[in-house]
Amino acid sequence: MTTTATATKQFMSTEQLLEHWQGHRNLTRRVIESFPEKELFEFSVAGMRPFAKLAVELISIAGPALKGIIENNMEAYNEEGFNPKTKEEILKKWDEETEVINHYFNQISAERFQETFNLFGQYEFPVYQNILYFIDNEIHHRGQGYVYLRALGIEPPFFWERF
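The name an unreviewed UniProt entry gives the protein is Damage-inducible protein DinB, with Chryseobacterium gallinarum as the organism. Per UniProt, the comment on the protein under Sequence similarities (unreviewed entry) is "Belongs to the DinB family."

So this is what it looks like as C-alpha cells:
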C-alpha cells in the first residue's frame with residue numbers, strides 16, 4: 001500500500017547526484033593520472049582521439065554548461081580555449097573545473113532541474129537530462145581511456161572506486 005507521503009519521496013537528492021557525479025570525476029582524474037605523459041597526448045586505438053583530447057572535451061563541457069544554465073547563456077560549445085601540453089595542465093584544469101561544477105550545480109533549484117534549457121544553443125532538454133548526459137559522456141570517454149590503458153599494458157583503476 002502506497003501513501004501520498006511515500007509516493008512523493010525523492011529517489012535521490014541533488015546533493016547525492018552531485019556526489020555521484022563527482023565520484024565519476026574522481027575516477028576519471030585517476031585514469032588521466034594513469035597515463036604516461038607521451039601516450040596521454042599521442043596514443044589512440046582505431047583512429048579514436050587520444051585521451052588528452054577526450055579529457056579536454058570533458059573539461060570544456062561540464063563547468064561551462066552549468067554556468068550557461070545558471071546564467072541562461074546558450075553560447076555554442078567551444079573547446080578551443082584550452083590547449084594543454086602536459087598532464088599537469090590537464091589535471092590542474094580538471095581540479096579547477098571541479099570547483100566550477102560545485103559552485104554552479106549548487107545554484108540549481110529543484111524546480112529548475114525540470115525546466116527545458118537549450119544547452120549550447122543546440123541541445124534542448126530538461127536540465128536534469130543535460131546533467132545526466134554530462135555524466136554519461138564522461139563514463140563513455142573514460143571507457144575509451146580504459147581500452148587505451150589496457151592496450152598500453154597498464155591496469156586501469158577499478159571502476160567502482162570513485163573516491
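Having seen it, we continue.
### Considering the pairing of strand β1 (residues 116-119)
Residues Phe117 and Leu119 line the buried face of β1, whereas the alternating positions Thr116 and Asn118 sit on a face that is not buried. Pairing of β1 with strand β2 (residues 123-126), which is carried by four bridges, proceeds in the antiparallel orientation. By the bridge assignment for β2, Thr116 is matched with Pro126. Connecting the antiparallel pair β1 and β2 is a turn made up of three residues, with Phe120 showing a positive phi of about 55°.

### Considering a nonpolar patch on the surface
On the surface, a nonpolar cluster with roughly 380 Å² of combined accessible area is contributed by Phe158, Phe159 and Trp160. Given the relative accessible area of 52%, Phe159 is considered exposed.

### Concerning the pattern of salt bridges
Within this structure, the stated rule accounts for 10 salt bridges. In this structure, the salt-bridge partner of Arg30 is Glu161, at a minimum N-O distance of 3.6 Å. Placement of Arg30 in helix α2 (residues 14-34) and of Glu161 in the segment after α6 (127-151) is noted, with a sequence separation of 131 residues between them. On the basis of relative accessibility, which here comes to 22%, the residue Arg30 falls in the partly exposed class. With a relative accessible area of 24%, Glu161 lands in the partly exposed category. Connected through salt bridges with shared partners, the residues Arg29, Glu33 and Asp95 form a single ionic network.

### Here's the deal with empty space enclosed by the protein
Counted according to the given criterion, the structure contains one cavity of 30 Å³ or more. For the largest cavity, the full set of lining residues is Trp21, Arg25, Leu58, Ile61, Ala62, Phe134, Asn137 and Glu138. Elements with a minimum of two residues in the lining of the largest cavity: α2, α4 (51-71) and α6. Its residues placed into classes, the lining of the largest cavity shows five nonpolar, one polar and two charged.

Cut-offs applied
- Residues numbered from 1 in each chain as written.
- Predicted model: local features only at pLDDT ≥ 70, side-chain atom pairs only at ≥ 80, totals over all residues.
- Heavy atoms only, no water.
- UniProt positions renumbered as here; feature names shortened; annotations may be inferred.
- Buried < 20%, exposed > 50% of the residue type's maximum accessible area, 1.4 Å probe, protein only.
- Helix = DSSP H or I, 4+ residues; strand = E, 2+ residues; numbered from the N terminus.
- Pairing = 2+ DSSP bridges.
- Patch = residues over 30% accessible without salt bridge, like charges linked within 9 Å, V, L, I, M, F, W, Y side chains within 5 Å.
- Areas by Shrake-Rupley, 256 points an atom, 1.4 Å probe, with all protein chains shown as cover.
- Salt bridge = Lys/Arg side-chain N within 4 Å of Asp/Glu carboxyl O.
- 1 Å grid on protein atoms, 1.4 Å probe; cavity = no way out; pocket = protein on both sides within 12 Å on 5 of 7 lines; lining within 4 Å.
- Points joined across faces, edges and corners; volume = space filled by probe spheres on them.
- Nonpolar A, V, L, I, M, F, W, Y, C, P; charged D, E, K, R; others polar.

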